[in-house]
Amino acid sequence: MLRFIFRKIASKKWMFLALLIGNILLVSIACSNPLYSNAVMQRMLNDDMDAYLLSRNSYPGNIIFSFGGTQQKNGIVQKYETLAHSLPEKYGVKAHYQICHLYTPVAANNPEIVRDDTYYKNAALGSLTDLDKHAKIIAGRMYSDKIREDGVIEVVVSQTALIDLNVLLGERRTFPKYTDKNGVPVTVEVVGVYDILDTSDTYWVRQPKHYKSEYMMPEDIFRELFVFDGSKLLLNAAWYEVLDAHSMLSRNASSMQSVIKEMSAIDKDDKFITISTYFENILNEHIKMKSKVGVTLWVLQAPIYILLIAFIFMVSRQILETEAAEIAVLKSRGVKNRQILGVYFTQSILLNVVSFIAGVPLGVLITQVLGSANAFLEFVSRRALPIEVTLTPILYALAGCLIAVIAMVFPVRKYTRGSIVTQKQKKNRKQKPLWRKAFLDVIALGVSIYGLYSFNNQKEMIAQRILQGEMPDPLLLLCSSLFIIGAGLLAIRVIPALITVVYHLFKRFWSPALYASFLKVLRQRSNQDFIMIFLIMTIALGVFNAQTASTINENGEKNIRYLSGADIVLRESWSSNSEQVQQNPSLDLIYYEPDFGVYETMDGVQSAARVYRNDKINASVSGGTVNNILLFAIDTDDFGKTAYFDLSLYPEHPYHFLNAMAYNARAVLLSSNFRDQYGFEVGDVINYQNTAKDSSRGIVYGFVDYWPGYQPFVYRKGTDGIYRESPNYLIVANLSQVQDAFGLRPYEVWIDAKDDAGFIYEYAEENEIRFPKFIDMEAEIVEGKNDPMLKSLNGVLTVGFIVVLALCIIGFLMYWILSIRQRTLQFGIYRAMGMSMREIFTMLINEQILISVVSIVLGGAIGFIASSLFMPMIQIAYSSFDNALPLTNALNITATTQLFSVVGSMLLLSMMILGIIVKRMKIAQALKLGED
Amino acid sequence: MADKQRYMIQARGIKRAFPVSSKTFWALKGIDVDIPAGALTILKGRSGSGKTTLLNILGALDKPTNGKVVFNGRNICKMDEMRRARLRRRDIGFVFQSVALVPMMSAQENIEFALRLARFKGNRAKRALECLKMVGLDKRANHMPQELSGGEQQRVAIARAIAHKPKVIFADEPTGELDTNTGLRVVKIFKDLIEKEGVTIVMTTHDTGLMEIGDRVYEILDGKVAGDDDE
């Protein structure tokens, strides 16, 4: 049987190659899905861990497991210690350190020699695992491991403890309350002062300054003295489990979360125990994001899966079509259906073994490509994704194989039914495909339009839910794919009718070539539908993907630019007399202004502006006061030069407003939502004040919808925990006027940089300045592109398009080569009837126009319609709090041109191949071919 | 009588070679034939004798490796592809063994298409029906080829071949796939056409029963003319 299958495959190698390619693509895309989401999430987890370290200056991988109590219950400390030390394993993470901090409660202690300045502060005895390996001694020496012969225990203290406890090196203290096993009170001698050896050492879960009242002794001695069953003494133990944060696996996140839950249950129930996990929040956020990214991937890849399966199904049917006669012959000789199915099943298994072997590595490659996609059809070399082939991707690949096997074997049933006679009868009968009979196109279109309709009705609610971290309904997101598929199929249904009309209207005037092309397109449709579907889908998906990706990317970027306001926005930390004011409230709060001139003259600065921002301004309006207004106080000239204005947002050039404001110190601009709510008019007077009740008066000079750095609406969490959109009002005033009224307050420095913002980092480093507020617009944009949602969007849309394009090229060539081969006889007849070669070419070109060009145009139209209809939906799914600007449907010219030029050259290439095939055909031979 | 005969086609020294797996196979090894105008010439021979190859060469579908063919006074071997196409379009009609109708066109459309190709001036539909009537199939004008029987299809093919009033009709085993009665009917139609329209017909056959109907019969044997019954 295998030999039979191999011979069969060899005789139709091109078709089987096409089938194999489709199969490999299906397997690799299926396996790239978990590979990619896992890799991208893994990187995000690592980045989050790093960000935690940077922002809080503490290591995120810590678990602190603490116990406090007596040891009257046997083995209690041992029990908790085992539990604590088992945590890393439970989390499936390597532990950097497992540290035990044992300490007694603070207790009275007496010095051996009383100094003048001795004071009797209670202190604790403690020990820290491997302290001697991680600490450096800054005075004296490290303790010895043994109790001295005189019974004295050597201890070391931190610098803080040295001061806090007021002890000296060499001083001895006796603790009457704490005795050894013989009942002798413990005496310790301070032999050294320790500090952190290496500041980057994660050993120091708690800094030495935390141990401010502890005498640290070797752990073994402490255990010998105080850790034994039955001790009535209160004992504190803290186990620091320092996990390797980078070995935390995103795919283990859920199981880690359940361990955390388990631990917090212990924390709640066991009064002796408290457990705190530093990475809990990161993990929770991570799991939320993970399911979001997972669903997004599925939704975005859905049309690709559908197309791939359809492709495999159709190619195998095409192959079966050529084998129908053989099947019928086999059947007439008594071969059973089961045996025939067996042949095809074995054949599909063979293909899938190859597909699996080739598909998994290709999946890894695709994942790399996904990871390097920066925008649609745009790649950058980023650091490689941490791709890991685990069981899940393998299972996905196997599932892909299974589906491929089904898609290959399923159509066989149709051919095993009936005899040779019914086969021939069937061939002559025209059969409508299932989707036509079931009106699947209309249904798909209907469902998607309904989805769109219901989305538009509940837009606000859905947006709110997403803002609260809920997943958008994947079905809703699938609507765009459904729309494309439905519209594509409907077009296939409708287009022939249009062509028929054209045909009947004009047929009498046509040249034979044109006439023949039209007839061909009208009357021999079976396979042509297939290629048209693929072309329409490819182009529609391509256009949709390009539009979606570029709109979301561009809007994201625009939003960042708009909300940042300028290339660099920073605020230095201002010193003030606030401490004095606290003690003496009658004093005025005075800030000491840093030198602004530094920024104006700095190398790399194009221009700089002072901007005072306060979002807690009240204004009196008719009928009361409005709170939480945002005030922008600016130097109009500097601001105009420095701020980033997106001119498309302003009906008038913003300089008009700035110029107007420059004439009058009291001039203010208001946001138009403020005007709309309270009916301000130009020339009105507005009184506003800060929370300290300093007030100012402005004359309204104009209204703006947008202002750099200003969000027209904000989401505020209501008392019921639901986020609601509420308008954010804006007042733009002259800085000098505001400073007169409010006094000098810390303002921001906005900078328009000549090139990149590197100089400001250098400046900050050289002068050791930390900016309490710092925005680097370009860095934010880069950061924005690293968002895993956005990244997977770009990646999937790009790879999806490439895959569909590949399918399309294969399908296209296969269709045309088959179609020309099948029609060799027909061409022979045409030529015998006196058609010239040129006319035959013209005929083929006409067919191309009727089939390919019409499909491409339709596909483009469907893609554009789909993107304009469904863009708001996708935008909302990716939305965050930072969407200030209206969504503008960006026409991605580059990507669209790229798309059409790729498709165009594909068509040209295919036509050339076809041309060569036709040219090689000899008419006489063509006729012979038809004779036997 | 023979030397006064006007010849529509005269072929001299026709040789035709086909490359068959690195060797050369000579399908025709030097053939001279004269096709009288307004008569039925039969090329007979077993399958593989080279008669179809000869027919294709006479009908300007194929070029001989050696030799020349004078068609109505012009040497068609020296014509370029465009001219040969035009010649086939205007002056020649083909009928093939396996019925060579365009499957996506109805009987009438097949004929109209031939007229369209021949740049036929006048009412194509009317002429198509006229030709169908000639072969007795005017009632089945709107049927698609697969809805017709083999004999009917062959008759449509003949109707198509004569529609544009060609000078010569080449028929390659037109009765090959038909039963004797239907075959005789087809040949009868040919005889009628010669009488009514004055066309020249060249047909190949291996059916010895049909030979006596021919005005002239050439027997092709292994790439050569076996004998000449007329002279």
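Residues numbered from 1 in each chain as written. Chains lettered and ligands numbered in written order. Predicted model: local features only at pLDDT ≥ 70, side-chain atom pairs only at ≥ 80, totals over all residues.

### Overview of the overall build of chain A
Part 1 of the argument: When helices and strands are counted, chain A shows 31 helices and 26 strands.
Part 2 of the argument: Computed over the C-alpha atoms, the radius of gyration of chain A is 38 Å, more than 25% above the 30 Å expected from 2.2 N^0.38 for a compact globule of 932 residues.
Part 3 of the argument: Here the C-alpha coordinates of chain A stretch approximately 125 × 80 × 50 Å along the principal axes.
Part 4 of the argument: Per-residue burial over chain A gives 41% buried out of 932 residues.
Part 5 of the argument: Across chain A, the fraction of contacts at a sequence separation of at least 24, relative to all contacts at a separation of at least 6, is 82%. (Helix = DSSP H or I, 4+ residues; strand = E, 2+ residues; numbered from the N terminus. Rg over C-alpha atoms; globule rule 2.2 N^0.38 Å. Buried ≥ 20, exposed ≤ 12 C-beta atoms within 10 Å, placed from the backbone. Contact = placed C-beta atoms within 7 Å.)

### Observations regarding the nonpolar core
Part 1 of the argument: Counting residues in each nonpolar core, the largest one holds 253 residues, and the members touching the most others are Val155(A), Val157(A), Met217(A), Ile484(A), Ile536(A), Ala540(A) and Ala159(B).
Part 2 of the argument: If you tally residues by element for this core, the top one is helix α2 (residues 13–56) of chain A, at 18 residues.
Part 3 of the argument: Those residues in contact with Val155(A) that lie beyond four places of it in its chain are Tyr143(A), Val188(A), Glu189(A), Val190(A), Val191(A), Tyr215(A), Met216(A) and Met217(A).
Part 4 of the argument: Ile629(A), Phe632(A), Leu670(A) and Phe674(A) belong to the second-largest nonpolar core, a separate cluster that totals 55 residues. (Core = buried A, V, L, I, M, F, W, Y, C linked by C-beta atoms within 7 Å.)

### Digging into the interface of chain A and chain B
Part 1 of the argument: On the side of chain B, 23 residues touch chain A, which itself brings 21 residues to the contact.
Part 2 of the argument: Elements with a contribution of two residues or more to the side of chain A that touches chain B: α17 (512–523), α28 (824–832) and α31 (923–931) of chain A.
Part 3 of the argument: A breakdown of the residues in the side of chain A that touches chain B according to their chemical character gives twelve nonpolar, six polar and three charged. (Nonpolar A, V, L, I, M, F, W, Y, C, P; charged D, E, K, R; others polar.)

### Topic: helix α10 (residues 391–409) of chain A
Part 1 of the argument: Between its first and last C-alpha, α10(A) extends 27 Å over 19 residues, near the 27 Å set by a 1.5 Å rise per residue.
Part 2 of the argument: All of the buried residues in α10(A) are Pro393(A), Tyr396(A), Ala397(A), Gly400(A), Cys401(A), Ala404(A), Val405(A), Ala407(A) and Met408(A). (Expected span 1.5 Å × (residues − 1).)

### Here we look at the domain arrangement of chain A
All names here are of chain A.
Part 1 of the argument: Domain annotation of chain A identifies domain 1 (1–52 + 290–426), domain 2 (61–278), domain 3 (496–564 + 776–932) and domain 4 (573–770).
Part 2 of the argument: Contacts between domain 1 and domain 3 engage 31 residues on the former and 31 residues on the latter.
Part 3 of the argument: Secondary-structure elements contributing two or more residues to the side of domain 1 that touches domain 3 are α2, α8 (280–332), α9 (337–372) and β12 (373–375).
Part 4 of the argument: Per-element tally for the side of domain 1 that touches domain 3: the top contributor is α8, with twelve residues.
Part 5 of the argument: A per-class count over the side of domain 1 that touches domain 3 returns 25 nonpolar, five polar and one charged. (Domains from an automatic or database assignment.)

### Brief notes about the pairing of strand β4 (residues 66–71) of chain B
Residue and element names in this part refer to chain B.
Part 1 of the argument: Where strand β1 (residues 7–20) meets β4, five bridges bridge the pair, whose relative direction is antiparallel. Counted as the bridge partner of glutamine 10 is valine 70 from β4.
Part 2 of the argument: As judged from the two bridges shared by β4 and strand β5 (residues 74–75), these two strands associate in the antiparallel manner. Across the sheet, phenylalanine 71 pairs through a bridge with arginine 74, a residue of β5.
Part 3 of the argument: Adjacent in sequence and paired antiparallel, β4 and β5 are bridged by two residues, among which asparagine 72 carries a positive phi angle near 50°. (Pairing = 2+ DSSP bridges.)

### Let's talk about the environment of Met203(B)
Residue and element names in this part refer to chain B.
Part 1 of the argument: Along the polypeptide, methionine 203 turns up in strand β8 (residues 200–205).
Part 2 of the argument: With ten residues separating them along the chain, methionine 203 and isoleucine 213 place their C-alpha atoms 11 Å apart.
Part 3 of the argument: Those residues in contact with methionine 203 that sit more than four places away from it in its chain are Ile42, Ala171 and Pro174.

### Examining the confidence of the model for chain B
Predicted coordinates in areas of low pLDDT are best not read in detail.
Residues and elements named next belong to chain B.
Part 1 of the argument: Averaged over every residue, the pLDDT of chain B is 83; the share at 70 or more is 95%.
Part 2 of the argument: Ranking the elements of chain B by mean pLDDT puts strand β10 (residues 224–228) last, at 71, and β4 first, at 90.
Part 3 of the argument: Reported for the predicted complex are a pTM of 0.73 and an ipTM of 0.77. (pLDDT = per-residue confidence, 0-100.)

### Digging into the pairing of strand β6 (residues 153–158) of chain A
Residues and elements named next belong to chain A.
Part 1 of the argument: β6 sits mainly inside the fold: six of its six residues count as buried.
Part 2 of the argument: Across the two faces of β6 the burial is the same, with Ile153, Val155 and Val157 and Glu154, Val156 and Ser158 all buried.
Part 3 of the argument: With six bridges connecting them, β6 and strand β8 (residues 185–196) associate as parallel partners. Following the sheet pairing, isoleucine 153 is matched in β8 by valine 188.

### Looking at unusual backbone geometry
All names here are of chain B.
Part 1 of the argument: Even without glycine at this site, alanine 60 takes up a positive phi of about 65°.
Part 2 of the argument: With respect to the helices and strands, alanine 60 occurs in the loop between α1 (51–58) and β4.
Part 3 of the argument: The exposure class of alanine 60 is buried, given the 26 C-beta atoms found within 10 Å.
Part 4 of the argument: In this model, arginine 119 sits at a positive phi of 55°, which is unusual for a non-glycine residue.
Part 5 of the argument: Tracing the sequence through the fold places arginine 119 in the loop between α3 (107–117) and α4 (124–134).

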